[in-house]
Amino acid sequence: MEIRVDLLDSSEQPQWHRLLPDLSLPAIVTNRPAWEGGASTDPEPQRLSVLIEAVRQGVSHVDVELKAASEFAELCRASSIPFPLQNTKLILSHHDFENPLSADRVSDLMEQMRRAGANICKIAMMAKSALDNMVVFDALAGANGDAIVLAMGDLGQVSRIIAPKFGAYLTFASVAQGVESAPGQVDIATLLKMYRFRSISRDTPLYGVIGDPVSHSMSPAVHNAAMDLVGAKGAYVPLRVKDDFALFVREILSHGFEGLSVTIPGKVPVIEAMDEMDDVARQIGAMNTVVKSTDGRLKGYNTDWVAAISAVEEKFDNGLKDKRVVCVGAGGAGRALAFGALARGASHVTIINRSENKAIALAKDLGERASGSSLQAFNDNLGGHYEYDVLMNSTSVGMHPNEDNCPIEPERLIEGIVVFDAVYNPLRTKLIQEAEKRGCVTVSGLEMFVRQAAEQFRLWFPEFDPPVSTMREVVLKRLGA
Ligand code: NAP
């Protein structure tokens, strides 16, 4: 437990030590000055006297800023407290709330801290890029357990979560959401339950989702629950990455990560970092899964298409073989579904899109078994040639909060066909409801989400069957269903 004396109300500050008897944990007492990003504006002797008092009370740790280290040592001696301290561990700290630090600067600061009598060196810096985490990991790995190094902000949050992987002395978490004492802190409950913090040690294989945003991704909850259930060793964390995807992937996979999920906007740029690509992922031109083999080679897969297509195939005796498929939408998901359908033997794929030029361009990439047309022409049944067995929506039409919208004219739905909607919030979209009314067989976007995760799990942990029903329950719970 850290007691941030400077963050207590001014009326409580003189009585901070009354908290001590109630603590069931070792305590760090900190009284951070405004000049180091804290709230204390007291004159230095008065500010540091709080820490002298803490040492007298026998607290297990005090945190003193490196810049105040010599004044603190003098005050100790003047107060007849032996320095180096005997029963209290001295954390010497340095914070940069504006910028990341270079590896050289970090090692120089640690050297100064040790010379000034630190038992534990603490360095916190602001991350400006996800790559700044590598400086943290390397500094911790070289420090033999007597260092706390972390990157602040969303881009550095992972450095707080996986700190034990690199032997950090400790990490900081907030007691609850909304009362963080530094940018990027995770609350204790999330750290322990969602990210399985206690299961992380130096030999824990790590997995994660990269992209921007990732803070609301359901993947950490789904994969951690799955690992927990089957007893797979590992932890899965969110990694916010804004740019330099290919470089980031190579770096993070040489820092203890074994596999990654990739979300928007990383699905195309990460390809550059792969040694090998799965055939269909290469054709699609986008991937969502990185697998690291035992020899360190990186292979890219796209489990989005397998997920949606396998759920649709189950509705037929013979899968998609010789089926006529209409794909509504020509974005990233549409591209994956269309290539997937052809890879599984569909006889023809018709791309229908609001912007006709994109439908035609995608159809051209797909080859001779595909054609492209405008959404308007499909809705108006122009040409009257729209006979099909499967309709797959990959537009965002109908997604919360626009639940009343349907991507196509419901009249175009044919009784008995299979209708898939990639949208899963709400679970029963307008399209799914209209399809049910007309006697179609329906497949929800939930299946795609759950199965793309299950397929990733299978690629990373071939020795386990993915616990699909648990994964589905986690998603349903998070969707409030
Ligand atoms: P994207 O690349 O941005 O493509 C969006 C597509 O939706 C384009 O074809 C776009 O048409 C069309 N569109 C958007 N607004 C429209 C409107 N008002 N009317 C008609 N068409 C419209 O996005 P994406 O990555 O393919 O994702 C598309 C959807 O699939 C999202 O809702 C996403 O949540 C969902 N998805 C679900 C899963 C899953 O696991 N269930 C996985 C991936 C994606 P234009 O070309 O004319 O703009």
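Counting restarts for each chain: residues are numbered from 1 in the order of the written sequence. Owing to the predicted nature of the model, reporting of local features is limited to residues with pLDDT of at least 70; listing and counting of side-chain atom pairs is limited to 80 or more, with chain, interface and lining totals taken over all residues. The side-chain numbers reported here are obtained from all heavy atoms of the structure, hydrogens and water having been left aside.

A. The site of the ligand, seen in detail. Around the ligand sit 21 residues in total, of which A333, N353, R354, S355 and A422 are the nearest. In the model, an oxygen atom of the ligand is placed 2.9 Å from a nitrogen or oxygen of the A330 main chain. With respect to the ligand, the backbone of A422 contributes an N or O atom lying 2.9 Å from a nitrogen atom. Out of a free accessible area of 920 Å², the ligand has 72% covered by protein chains. Secondary structure counts use DSSP, requiring at least four H or I residues in a row for a helix and at least two E residues in a row for a strand, with both numbered from the N terminus. Among the elements of the structure, α11 (332-343) and α15 (445-460) are those that each provide at least two residues to the shell around the ligand. A single heavy atom is enough: if one lies within 4 Å of a molecule or strand, its residue is considered near that molecule or strand. In the analysis that follows, any N or O atom pair within 3.5 Å is treated as a polar contact, provided that within protein one partner can donate a hydrogen and the other can accept it, and provided that, for residues neighboring in sequence, both atoms belong to side chains. To measure how exposed things are, a 1.4 Å probe is used in the Shrake-Rupley method; for residues, cover is taken only from the protein chains shown.

B. Main features of the sheet that holds strand β17 (residues 418-421). If you trace the six strands from one edge of the open sheet to the other, you get β15-β14-β13-β16-β17-β18, paired in parallel fashion. Each end of this open sheet is capped by a strand with a single partner; those strands are β15 (370-374) and β18 (441-443). Within the sheet, the average angular offset between the axes of one strand and its neighbour, ignoring direction, is 20°. The pairing criterion is simple: DSSP has to find at least two bridges between the two strands. Note that β17 and β18 share three bridges and pair parallel. Bridge pairing in β18 links V418 to V441. Each of β13 (324-328), β14 (348-353), β16 (390-393) and β17 is contacted by α11, which is oriented at about 170° to β14, the strand it contacts most. Every residue pair with non-hydrogen atoms within 4.5 Å of one another is taken to be in contact. The convention used is that axes are lines fitted to C-alpha atoms, helices contributing only their stretch in contact, and that angles between N-to-C directions extend from 0 to 180 degrees. Taken strand by strand, helix α14 (residues 430-437) contacts β16, β17 and β18, and its axis lies near 170° from that of β17.

C. Quick peek at the pairing of strand β6 (residues 147-152). Taken across its six residues, β6 has six buried, putting it largely inside the fold. With burial as the criterion, each face of β6 is covered, one bearing A147, V149 and A151 and the other bearing I148, L150 and M152. Think of it like this: strands point away, you trace from the first strand over the helix to the second, and a clockwise trace means the crossover is right-handed. Traced from strand β5 (residues 120-126) through helix α4 (residues 133-141) to β6, the parallel crossover comes out right-handed. Exposure classes here rest on a 1.4 Å probe applied to the protein chains alone. A residue is buried below 20% of its type maximum, exposed above 50%, and partly exposed in between.

D. Molecular detail of the packing of aromatic side chains. Centres within 6.5 Å are what make two rings of Phe, Tyr or Trp a pair, Trp counting through its six-membered ring; a difference in plane orientation under 30 degrees is then read as stacked, over 60 as edge-to-face, and the rest as tilted. Inspection of the entire model under this criterion finds 10 aromatic pairs. Residues Y207 and F461 carry aromatic rings whose centres are separated by 5.0 Å and whose planes lie at 50° to one another, so their mutual orientation is tilted. Linking Y207 in strand β7 (residues 206-211) with F461 in the loop between α15 and α16 (468-478), this pair joins segments that are 254 residues apart in sequence. Here Y207 and F461 have matching classes, each one buried. Here F378 and Y386 contribute two aromatic rings whose centre-to-centre distance is 4.9 Å and whose plane-to-plane angle is 75°, an arrangement assigned as edge-to-face. Taking relative accessible area as the criterion, Y386 reaches 9% and is therefore assigned buried.

E. Here's a closer look at α4. Of all the nine residues making up α4, seven are buried; the element is thus mostly covered by neighbouring parts of the structure. Those residues of α4 not exposed but buried are N133, M134, V135, V136, F137, A139 and L140. Considering only its buried residues, α4 is in contact with α3 (103-115), β5, β6, α5 (157-161) and α8 (245-252).

F. Examining the pattern of salt bridges more closely. A side-chain nitrogen of Lys or Arg and a carboxyl oxygen of Asp or Glu constitute a salt bridge if their distance falls within 4 Å. Taken as a whole, this structure holds 32 salt bridges when the rule is applied. Among the ionic pairs, R451 bridges to E314, the shortest N-O distance being 3.1 Å. Here R451, found in helix α15, pairs with E314, found in the loop between α10 (303-313) and β13; they are 137 residues apart in sequence, far enough to count as distant. With a relative accessible area of 57%, E314 lands in the exposed category. A salt bridge links R451 to E447; the nearest nitrogen and oxygen atoms lie 2.8 Å apart. One end of the pair, R451, and the other, E447, are both in helix α15, four residues apart, so they sit about a helical turn from each other. Side by side, R451 and E447 carry an identical accessibility label, which is buried. Salt bridges sharing partners connect three or more residues here, namely R32, E44, R47, D63 and E65.

G. Region of the structure containing the environment of D187. On the secondary structure map, D187 appears in the loop between α5 and α6 (188-194). Owing to a relative accessible area of 8%, D187 belongs among the buried residues under this scheme. As a C-alpha pair, D187 and R240 span 53 residues in sequence and 17 Å in three-dimensional space. The contacts of D187, once residues within four sequence positions are left out, are A173, S174, A176 and Q177. Here the side chain of D187 touches Q177 through a polar contact of 3.4 Å, side chain to side chain.

H. Spatial organisation of a nonpolar patch on the surface. Taken together, the side chains of M1, L25, V175, V179, I188 and L192 make up a nonpolar region of the molecular surface, amounting to roughly 540 Å² of accessible area. Within the fold, L192 resides in helix α6. What makes L192 partly exposed here is its relative accessible area of 35%. Here the term patch refers to residues with relative accessible area over 30% and no salt bridge, with like charges joined within 9 Å and nonpolar side chains (Val, Leu, Ile, Met, Phe, Trp, Tyr) within 5 Å.

I. Just α15, in detail. One less than the residue count of a helix, multiplied by 1.5 Å, gives the span that helix is expected to have. Taking 1.5 Å per residue, 16 residues should reach 22 Å; α15 reaches 23 Å between its end C-alpha atoms and fits that length. With 13 of 16 residues buried, α15 lies mostly within the body of the structure. Of the residues that open α15, the one with a side-chain oxygen 2.9 Å from the backbone nitrogen of L446 is S444.

J. Inspection of the packing of α10 against α15 at higher detail. Put simply, α10 and α15 touch, their axes get as near as 8 Å, and they point 120° apart. Compared by their axis directions, α10 and α15 come out oblique. Crossing of α10 against α15: the hand is right-handed. Residue-level inspection shows T303, D304, V306, A307, A308, S310 and A311 of α10 in contact with α15, the latter providing E447, M448, R451, Q452, E455, Q456 and L459. Think of it as three bins: nonpolar holds Ala, Val, Leu, Ile, Met, Phe, Trp, Tyr, Cys and Pro, charged holds Asp, Glu, Lys and Arg, and polar takes everything else, Gly as well. Among the residues forming the contact of α10 with α15, the class breakdown is six nonpolar, four polar and four charged. Roughly parallel here means an angle under 35 degrees, roughly antiparallel means over 145, roughly perpendicular means 65 to 115, and every remaining angle is called oblique. In this scheme the crossing of two helices becomes right-handed for a clockwise turn of the near helix relative to the far one and left-handed for an anticlockwise turn of less than a right angle.

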